[in-house]
Amino acid sequence: MNPNESSSFETSPPKDNVSGKVFSQTSSESTTPSSSNNLFAPSEDSSLQHTSSPYYSGEREAVSVVETDAFSFRKLWAFTGPGFLMSIAYLDPGNIESDLQSGVVAKYSLLWVLFAATLLGLAMQRLAVKIGVVTGFHLAEMCYKEYKTIPRLMLWLMVEVAIIGSDMQEVIGTAIAIYLLSYKRIPLFVGVLITILDTLSFLFLEKYKLRRLEFFFGFLITTMAVSFGYQYIISDIPQAEVIEGMFIPWSSDYRQGTLLQAVGIIGAVIMPHNLYLHSALVKTRVINRSNPNEVQVIKEIKDANRYYFIEATLALIVSFIINVFVVSVFAQDLYGKTNQDVIDKCSNTSFSNDILSAFATNNATVEMNIYKGGLVLGCFYGGLSMYVWAIGILAAGQSSTMTGTYAGQFAMEGFLNLQWLRWKRVLFTRTVAIIPAFYVAFFSKLEDLTKMNDVLNAVMALQLPFAAIPTVAFTSSLAIMTSEFVNGAFEKIISIALSFVVIGINLYFIIANLEQVDLSTLMIFGVVVFSVFYVAFLAYLVLHMMVCSGNKTLAANRLIKQFVIKTNNTLNEELIDNRR
């Protein structure tokens, strides 16, 4: 495995070295980046005018072909990287907060929901990977090719909302981590402003080689594993109860709020923009698509799908274990506890004043967030535990911020068929995320940051169908995936069912949260209008998915042809060019 360090898509068309043969991918000549006068018009350096976007400073990793069907650890190592970057979205501060709330509300009894949600996520990530590996285009680029202009732009806006919402959670989580690490010397609003430095750190890291950058993300994941694992080890957690909670979907520990918390876990774990991210990250490896009908090429593409799936499985196993650490620690320490219980236990510690200011003096069941979690761990286990917890949260916020920026870059390049310079992309998303987070941090209390986190989880849950449905649609299309890689009948049924199950669960989560809010007449009107638009857009996407899946009756319908199918689609020809 030798890194192809000299290739750069900004200077010349890439050349892939596969099986000892060098072949050139069809690509337009390199152009000097220029801005477009029209935001929605293709720019000269558009990613769709050449076969690959300049990820990680234009570098891709060459994969040595092993002429055997036997499993190869060397080849798995060559494909290792994208899946672990993807898995960071399963470990962002929003997920960590959902984990600790789950432990407090339901003890270990919802670990099976976390396990099931991770499996659902793996199933969807596998489909997203298949798009990038088989076609050479990532999910956002496929949306550009397959959808008409208005629905495509609407999809892009929905994805951007999800990315910005996720970024806001990461900003809040990072600010709280800095607040704890400085022992409240750095105010939250200053911590929010410090996250602007992510922009500089991101741009600095982009100068590193691909493998070094992936190792850095691996270091951040390791930091989270060590931080949260340390607390798990010293908490004396009953392993039998943890294992039972993972695999037995019923328990006597269920109480009020458990169902809503279970739905919230699924909404927090499966992130919509992560499908767009993963489908693009797999393009960092050189894959031979020169002739999609050639036996050797088909074998190599199948091999890539196989090893990417194994890598993604390993990455999500790691993320699941880290999430279990967090759930278990707070289940052990705070399940069934009241605010007064916590105050009494911490009354003779150095954290007594902080606990008194964070927890109400009553017998209500404790409500936890990332900040309170740090205080409680410090009180129960000593100041070291609080700092270790804060380091883990800081690693979660920093890593997810960077991968979220990549997702934003891919979405903009793909949906709009244009590119911004990276510093513009990072500055834009960070500014949009920081403004509301700074407002809340400056004018509100820590409890408001937690409420904001819950709202953002609900917002991202709403966006999930706009990633899941296109993913299922494209992988079910014979024209796009070819007969070798298209979803089979059973796979179509399972993937469509999974999509609708996740959509239904998230809609329930939204409705349940709305029932707890006192809505004015104007707000009710707004909710109704948005609901009509939301359902209509979902119906459009479902119709398009059914056409992609081979429904000839719908495909022949005059209205479908006029309003759903993109008539000037040159997808087949471009896919053939891209595989050469």
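Everything discussed here concerns the structure shown above.
It should be emphasised that the depicted structure is a prediction, and the values quoted were computed from it without experimental measurement.

About the thresholds
Residues numbered from 1 in each chain as written. Predicted model: local features only at pLDDT ≥ 70, side-chain atom pairs only at ≥ 80, totals over all residues. Heavy atoms only, no water. Helix = DSSP H or I, 4+ residues; strand = E, 2+ residues; numbered from the N terminus. Contact = heavy atoms within 4.5 Å. Areas by Shrake-Rupley, 256 points an atom, 1.4 Å probe, with all protein chains shown as cover. Buried < 20%, exposed > 50% of the residue type's maximum accessible area, 1.4 Å probe, protein only. Axes fitted to C-alpha atoms, helices over the stretch in contact; angles between N-to-C directions. Parallel < 35°, antiparallel > 145°, perpendicular 65-115°, else oblique. Left-handed = near helix turned anticlockwise from the far one by under 90°. Phe/Tyr/Trp six-rings, centres within 6.5 Å; stacked < 30°, edge-to-face > 60°. Patch = residues over 30% accessible without salt bridge, like charges linked within 9 Å, V, L, I, M, F, W, Y side chains within 5 Å. Salt bridge = Lys/Arg side-chain N within 4 Å of Asp/Glu carboxyl O. Core = buried A, V, L, I, M, F, W, Y, C linked by side-chain atoms within 4.5 Å. Disulfide = S-S within 2.5 Å.

(A) The overall build of the chain, seen in detail. Helix and strand counts for the chain come out as 26 helices and 4 strands. Long-range contacts, defined here as pairs at least 24 residues apart, represent 83% of the contacts in the chain between residues at least 6 apart. With the model as given, the accessible surface of the chain reaches about 23600 Å², and the carbon-plus-sulfur share is 65%.

(B) Representation of the environment of Met224 within the structure. Within the secondary structure layout, Met224 lies in helix H9 (residues 210-234). The exposure class of Met224 is buried, given its relative accessible area of 0%. C-alpha of Met224 to C-alpha of Ile393: the two residues are 169 residues apart in sequence and 7.5 Å apart in space. Contacts of Met224, omitting those with residues within four sequence positions, involve Leu91, Gly229, Ile322, Gly392, Ala395, Ala396 and Ser399.

(C) Fine view of the packing of helix H6 (residues 149-181) against helix H17 (residues 383-416). Running from N to C, H6 and H17 point in directions that differ by 160°, and their axes come no closer than 8 Å. In this view, H6 runs roughly antiparallel relative to H17, as classed from their interaxial angle. At the point where H6 passes H17, the crossing takes the left-handed sense.

(D) Structural view of the packing of aromatic side chains. Within this structure, the stated rule accounts for 23 aromatic pairs. Here Tyr406 and Phe410 contribute two aromatic rings whose centre-to-centre distance is 6.0 Å and whose plane-to-plane angle is 20°, an arrangement assigned as stacked. Of this pair, Tyr406 and Phe410 both sit in helix H17, 4 residues apart, which is roughly one turn of that helix. In terms of burial, Tyr406 and Phe410 fall into one category: buried.

(E) Molecular detail of a nonpolar patch on the surface. Nonpolar side chains collect at one region of the surface, where Ile243, Phe247, Ile248 and Trp250 lie side by side and expose about 460 Å² of accessible area between them. Here Trp250 is to be found in the loop between helix H10 (239-247) and helix H11 (258-269). For Trp250, a relative accessible area of 61% translates into the label exposed.

(F) Broad picture of the pattern of salt bridges. The tally for this structure, following the rule as stated, stands at 10 salt bridges. The residue Arg285 makes a salt bridge to Glu214 at a minimum N-O spacing of 2.8 Å. Here Arg285 is found in the loop between helix H12 (272-281) and helix H13 (295-334), whereas its partner Glu214 is found in helix H9, with 71 residues between them in sequence. Judged by its relative accessible area of 0%, Arg285 falls in the buried class. With relative accessibility at 8%, the residue Glu214 sits in the buried group. Beyond isolated ion pairs, a larger network of salt bridges with shared partners links Lys75, Asp303 and Arg306.

(G) Inspection of the nonpolar core at higher detail. Among the nonpolar cores identified, the biggest contains 155 residues, and Phe228, Phe330, Leu334, Phe359, Trp389, Phe415 and Phe474 are the most heavily contacted of them. With 18 residues, the top contributor of residues to this core is H13. Those residues within four positions of Phe228 in sequence are excluded, and the remaining contacts are Ile96, Ile322, Phe325, Val326, Trp389, Gly392 and Ile393.

(H) Seen up close, the state of the cysteines. For the structure on display, the rule yields 1 disulfide. Here Cys346 engages in a disulfide with Cys379; their sulfurs sit 1.8 Å apart. In this structure the cystine formed by Cys346 and Cys379 twists about its S-S bond by roughly -110°; its chirality is therefore left-handed. In this pair, Cys346 is assigned in the loop between helix H14 (339-345) and helix H15 (352-358) and Cys379 in helix H16 (residues 370-381), connecting sequence segments 33 residues apart. Judged by relative accessible area, which is 0%, Cys346 ranks as buried. Classification of Cys379 as buried rests on a relative accessible area of 10%.

(I) Highlighting helix H20 (residues 465-475). Taking burial as the measure, the 11 residues of H20 include 11 buried ones, the bulk of the element. What H20 keeps buried is the set Pro465, Phe466, Ala467, Ala468, Ile469, Pro470, Thr471, Val472, Ala473, Phe474 and Thr475.

(J) Just the side chain of Thr174, in detail. Mapped onto the elements, Thr174 comes out in helix H6. Judged by its relative accessible area of 1%, Thr174 falls in the buried class. If sequence neighbours within four positions are ignored, Thr174 has contacts with Thr195, Leu394, Gly397 and Gln398.

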